[in-house]
Amino acid sequence: MRLLILIALALLPQDKPRTGMKPPEEVEKALALPAGLAASTWAREPQVVNPTCMDIDDRGRVWVAEAVNYRKSKLAPEGDRIVILEDTTGSGKCDRVKVFAQDKEILSPLGICVLGNKVYVAQAPKMLVYTIDASGDKPAGPPEVLFDGFGGVNSDHGLHSKMFG
C-alpha cells in the first residue's frame, strides 16, 4: 500500500505548475515499471504540491509535508503546508484534503511522523511537535519545540525523518 502511494505521489499531475516540475502525463509515459505492475495517480495538484515526506496514521489517512518554498522560492507566500489526504469512498483516489497547518513559519519540512495525537515535523533547525485537536485534523495550538540547533536550514542536509520503534 505504501509503495503504491509513493508511486502515486511521484506522478502528481499539475494544471498550473508552481514548482517547475514536468506535467504528470510526461512523467507517466517515461515511467518504466516491471511487467505486471501498473501505476495510477492517487492525488494531484492542488491537493498536494511538492511533497517532501509523508506518513500514514492509524485511520489510513496520508499526512504530507510540502516544501513549495524550498530554498529561495516564494511560490507560497502564506507558507508551506501539512495536509491530510483521504480516500473516503474506497475508489483508489484521494477525494478529501484537509490543511492541517499552513504558516510562514513552516519552511521546507523534511520529515513527518504521526503518532496518536502528536505530529512530529522535522524542520531544521527544529524538531516540532503539534498536538492534534479533538476534531482530528487541526492543531490544538502552536507546535512545541522538541529539539533545536540542527544545521541545514531550508536545505537537503539538515534534520530529516524520524522513526519510532
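Before going into details, it helps to say that this report is about the structure given with it.

Definitions and cut-offs
- Residues numbered from 1 in each chain as written.
- Predicted model: local features only at pLDDT ≥ 70, side-chain atom pairs only at ≥ 80, totals over all residues.
- Heavy atoms only, no water.
- Pairing = 2+ DSSP bridges.
- Helix = DSSP H or I, 4+ residues; strand = E, 2+ residues; numbered from the N terminus.
- Axes fitted to C-alpha atoms, helices over the stretch in contact; angles between N-to-C directions.
- Phe/Tyr/Trp six-rings, centres within 6.5 Å; stacked < 30°, edge-to-face > 60°.
- Buried < 20%, exposed > 50% of the residue type's maximum accessible area, 1.4 Å probe, protein only.
- Contact = heavy atoms within 4.5 Å.
- Polar contact = N/O pair within 3.5 Å; in protein donor to acceptor, adjacent residues only side chain to side chain.

### Considerations on the sheet that holds strand E5 (residues 111–115)
Part 1 of the reasoning: One open sheet accounts for four strands, arranged E5-E6-E7-E8; its pairing is antiparallel. Where the open sheet ends on each side, the last strands, each with one partner, are E5 and strand E8 (144–148). Recorded for the sheet is a direction-independent mean angle of 20° between the axes of neighbouring strands.

### Side note on the packing of aromatic side chains
Part 1 of the reasoning: If you walk through the whole model with that rule in mind, you get two aromatic pairs.
Part 2 of the reasoning: For the pair Trp63 and Phe100, a centre-to-centre distance of 5.0 Å together with 65° between the ring planes defines the contact as edge-to-face. With Trp63 in strand E2 (residues 62–66) and Phe100 in strand E4 (residues 96–103), this pair connects stretches of sequence that are 37 residues apart. Note on accessibility: Trp63 and Phe100 belong to one class, buried.
Part 3 of the reasoning: Consider the rings of Phe100 and Tyr130, whose centres lie 5.5 Å apart with planes at 80°: the pair is edge-to-face. Taken together, the positions of Phe100 in strand E4 and Tyr130 in strand E7 (residues 126–131) put the pair 30 residues apart, joining distant regions of the chain.
Part 4 of the reasoning: Overall, Phe100 belongs to the buried group, its relative accessible area being 2%.
Part 5 of the reasoning: Taking the relative accessible area as the measure of exposure, Tyr130 reaches 5% and is therefore buried.
Part 6 of the reasoning: Linked through ring pairs, Trp63, Phe100 and Tyr130 together constitute an aromatic cluster.

### Focus: the pairing of strand E3 (residues 80–86)
Part 1 of the reasoning: Of all seven residues making up E3, seven are buried, and the element is well covered by its neighbours.
Part 2 of the reasoning: Taking every second residue as pointing to the same face, both faces of E3 are buried, with Asp80, Ile82, Ile84 and Glu86 on one and Arg81, Val83 and Leu85 on the other.
Part 3 of the reasoning: The pairing of E2 with E3 spans four bridges and is classified as antiparallel. Of the residues in E3, the one forming a bridge with Ala65 is Ile82.
Part 4 of the reasoning: Judged from the seven bridges that link them, E3 and E4 form a sheet pairing that is antiparallel. Counted as the bridge partner of Arg81 is Gln102 from E4.

### Brief notes about the pairing of strand E6 (residues 118–123)
Part 1 of the reasoning: Within E6, five of the six residues are buried, which leaves the element mostly enclosed by the surrounding structure.
Part 2 of the reasoning: Looking at chain direction, E5 and E6 are connected through five bridges and run antiparallel. Bridging from a neighbouring strand, Gly111 pairs with Ala122 of E6.
Part 3 of the reasoning: Hairpin connection from E5 to E6: two residues lie between these consecutive antiparallel strands, with Gly116 at a positive phi of about 60°.
Part 4 of the reasoning: The sheet contact formed by E6 and E7 spans six bridges and is antiparallel. Within E7, the residue paired with Ala122 across the bridge is Met127.

### Concerning the environment of Gln123
Part 1 of the reasoning: Mapped onto the elements, Gln123 comes out in strand E6.
Part 2 of the reasoning: Residues Gln123 and Gly158, 35 residues apart in the sequence, show an inter-C-alpha distance of 8.0 Å.
Part 3 of the reasoning: Ignoring any residue separated from it by four or fewer positions in sequence, one finds Gln123 in contact with Glu105, Ile106, Leu107, Pro109, Leu128 and Leu159.
Part 4 of the reasoning: In this structure the side chain of Gln123 is engaged in a polar contact, spanning 2.8 Å, whose partner is the backbone oxygen of Glu105.
Part 5 of the reasoning: Looking at Gln123, its side chain comes within polar contact range of the main-chain nitrogen of Leu107, at 2.7 Å.

No statement about biological role is implied by the geometric values presented.
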